[in-house]
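Here is what each chain is made of, one letter per residue.
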Amino acid sequence: MKIQFADRMKDYEEGIFQVLNEKKTQMEQQGRKIYNLSVGTPDFPPEQHVMDAVVQAAQKPENYKYALADIPELIEAVIERYRVRYGVELAKDEVMSVYGSQEGIAHICMTLCNPGDCVLVPDPGYPIFGIGPSLTGAQIVPYALTQENGYLPDLEGMDEQMLSRVKCMIVSYPLNPVCKTAPDSFYEKLVPWAAKHHIILIHDNAYSDIIYDGREGKSILRIPGAKEIAVEFYSLSKSFNYTGARMSFLAGNREIVANFKRFRSQIDYGTFLPVQYGAVAALTGSDRMVKEHCAEYQRRRDALCGGLRNIGWQIEDSEGTMFAWARIPDKYDDDVNFVMELLEKTGVLCTPGSSFGSLGRSHVRFALTLPVEKIREAVDAIAHTDMLA
Ligand SMILES: Cc1ncc(COP(=O)(O)O)c(C=O)c1O
């Protein structure tokens with residue numbers, strides 16, 4: 001029987017990623033050197049005391065039951081972190097864990113949107129920002145982020161009639177993939193603007209700890225009135241390299257948190273308890289490694305962005321995230337072809353910008369996931385081609 005899959009599956013074709021992966025494997029088999037700057041998984045390990053906490057908890061048979069809920073120590077640890085790190089007071093019912101921000105963002109609109117509701121999402125933006133709402137049948141309304149508008153949404157320029165149909169808006173800075181931050185004044189304007197238009201704000205705060213040149217990562221929840229209309233995802237994946245453990249939090253408006261808990265209780269039974277204990281260790285430990293890793297990402301940023309500028313590729317310095325964002329050289333008009341040619345000629349693998357939305361076309365994203373020496377080698381490999389000429 002020919003199995004007919006749901007129409008939505010057409011949106012999830014692997015396409016170019018599969019092709020690039022096959023090409024990369026083929027080149028590796030031929031002994032070619034590959035500089036994989038494509039995937040955004042930190043190459044640093046979690047801290048030893050975090051892994052110890054997981055292992056210790058994993059030795060206890062009682063930790064293999066369904067967790068069902070967050071352990072109280074975990075919620076306390078998040079509350080304390082928000083207090084100390086962000087100057088935000090959270091109550092216990094204003095926070096819950098999720099199975100990574102990816103899962104959280106994929107599901108939260110299930111509790112907020114009906115088919116036909118509009119959801120504002122950044123273009124370019126991290127793909128789940130659009131995929132999540134579209135699972136509910138909501139209409140995605142991209143907001144353009146361009147160099148001209150400082151990579152900030154043009155709140156005043158949005159159509160009033162369209163706004164009356166908007167249920168939520170997804171916002172995230174430092175933003176993957178454009179690597180820009182937003183000033184305090186933007187958030188101070190955004191919150192009252194959203195309240196005026198009855199728009200729920202979903203803030204993805206994945207990179208508040210990976211931010212450069214003395215900038216400070218903050219929480220949207222510090223803005224007066226934010227808890228009335230906003231929730232924030234705060235992930236341990238990038239700050240603490242707890243990536244594969246899948247631990248992130250939803251914090252903010254208590255009604256949204258309560259409904260999201262109710263929704264998730266229908267589809268899972270809570271996070272493996274040893275993973276919860278490891279997260280407590282991460283959140284209550286010192287921030288020394290978090291800062292050291294941020295400094296190392298900044299050195300890699302300098303090696304990549306500075307290195308590419310030195311060889312004639314005009315790319316802006318990332319302000320945050322573990323990525324760099326570059327417009328492809330003028331003589332190319334297709335980012336996918338460019339990525340393929342770059343891989344073939346240099347072994348450097350990056351991500352085509354069009355996978356982040358229509359305004360990502362003609363751009364590529366590099367992940368800062370190799371040490372400085374390797375990044376320098378990658379830049380050198382690019383310098384020895386005719387691709388920038
Ligand atoms: C902006 C952004 N949000 C969320 C995620 C995923 O986070 P998590 O590992 O918590 O699912 C990523 C991962 O690259 C990301 O770049």
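Refer to the structure above for everything that follows.
Residues numbered from 1 in each chain as written. Predicted model: local features only at pLDDT ≥ 70, side-chain atom pairs only at ≥ 80, totals over all residues. Heavy atoms only, no water.

Q: Describe the state of the cysteines, with residues and values.
A: The full count for this structure, using the stated rule, is zero disulfides. Free cysteine C294: the closest other cysteine sulfur is in C179, separated by 13 Å. Residue classification places C294 among the buried residues on the basis of a relative accessible area of 12%. (Disulfide = S-S within 2.5 Å. Buried < 20%, exposed > 50% of the residue type's maximum accessible area, 1.4 Å probe, protein only.)

Q: Go over the packing of helix α2 (residues 48–58) against helix α11 (residues 273–284) with me, naming the residues and quoting the values.
A: Running from N to C, α2 and α11 cross one another at 150°; their axes reach a closest spacing of 8 Å. Between α2 and α11, the interaxial angle falls into the category roughly antiparallel. Of the two possible hands of crossing, α2 and α11 adopt the one that is right-handed. Residues H49, V50, A53, V54, A57 and A58 of α2 form the contact with α11, whose own contacting residues are P274, Y277, G278, A281 and A282. Classifying every residue of the contact of α2 with α11 gives nine nonpolar, two polar and no charged. (Axes fitted to C-alpha atoms, helices over the stretch in contact; angles between N-to-C directions. Helix = DSSP H or I, 4+ residues; strand = E, 2+ residues; numbered from the N terminus. Parallel < 35°, antiparallel > 145°, perpendicular 65-115°, else oblique. Left-handed = near helix turned anticlockwise from the far one by under 90°. Contact = heavy atoms within 4.5 Å. Nonpolar A, V, L, I, M, F, W, Y, C, P; charged D, E, K, R; others polar.)

Q: Residues and numbers for the pattern of salt bridges, please.
A: Throughout the structure, instances matching the rule amount to 31 salt bridges. A salt bridge links E377 to K33, with the shortest nitrogen-to-oxygen separation between them at 3.2 Å. Placement of the pair is E377 in helix α14 (residues 372–383) and K33 in the loop between α1 (15–29) and β1 (35–36), with a sequence separation of 344 residues. With a relative accessible area of 28%, E377 lands in the partly exposed category. The partner of D213 in a salt bridge is R301, and the shortest N-O contact between them spans 2.9 Å. On the criterion of sequence distance, the pair formed by D213 in the loop between β6 (200–204) and α8 (226–229) and R301 in helix α12 (residues 288–310) is long-range, its members being 88 residues apart. Of the residues examined, R301 reaches a relative accessible area of 2% and is grouped as buried. Here the residues in one salt-bridge network are K180, D213, R215, R301, D302, E316 and E319, joined through shared partners. (Salt bridge = Lys/Arg side-chain N within 4 Å of Asp/Glu carboxyl O.)

Q: So what's going on with the sheet that holds strand β4 (residues 139–144)? Which residues, and what values?
A: Spatially, seven strands are ordered β2-β8-β7-β6-β5-β3-β4 in an open sheet, and the strand pairing comes out mixed. The sheet terminates laterally at β2 (95–98) and β4, the two strands that pair on one side only. Recorded for the sheet is a direction-independent mean angle of 25° between the axes of neighbouring strands. Where β2 and strand β8 (residues 248–252) come together, four bridges link them in antiparallel fashion. (Pairing = 2+ DSSP bridges.)

Q: Residue-level account of the nonpolar core, with values.
A: In this structure, I108, L120, M169, L190, W193, L201 and F366 are the most contacted members of the largest nonpolar core, which totals 130 residues. Here this core gathers at least three residues from each of two domains, domain 1 (7–45 + 288–383) and domain 2 (50–284). Apart from the residues lying within four places of it in its own chain, the contact partners of L190 are L155, M169, V171, L201 and I220. (Core = buried A, V, L, I, M, F, W, Y, C linked by side-chain atoms within 4.5 Å. Domains from an automatic or database assignment.)

Q: An account of unusual backbone geometry is requested, with residue identities and associated values reported.
A: Here the amide bond leading from D123 into P124 is cis, since omega sits at 0°, within 30 degrees of zero. Examined against the element boundaries, P124 turns out to sit in the loop between β3 (118–123) and α5 (128–135). Phi angles above zero are rare outside glycine, and H198 is one such case at about 55°. Secondary-structure assignment places H198 in the loop between α7 (184–196) and β6. Despite not being glycine, R246 shows a phi value in the positive range, around 60°. Following the sequence through the fold, R246 ends up in the loop between α9 (236–239) and β8.

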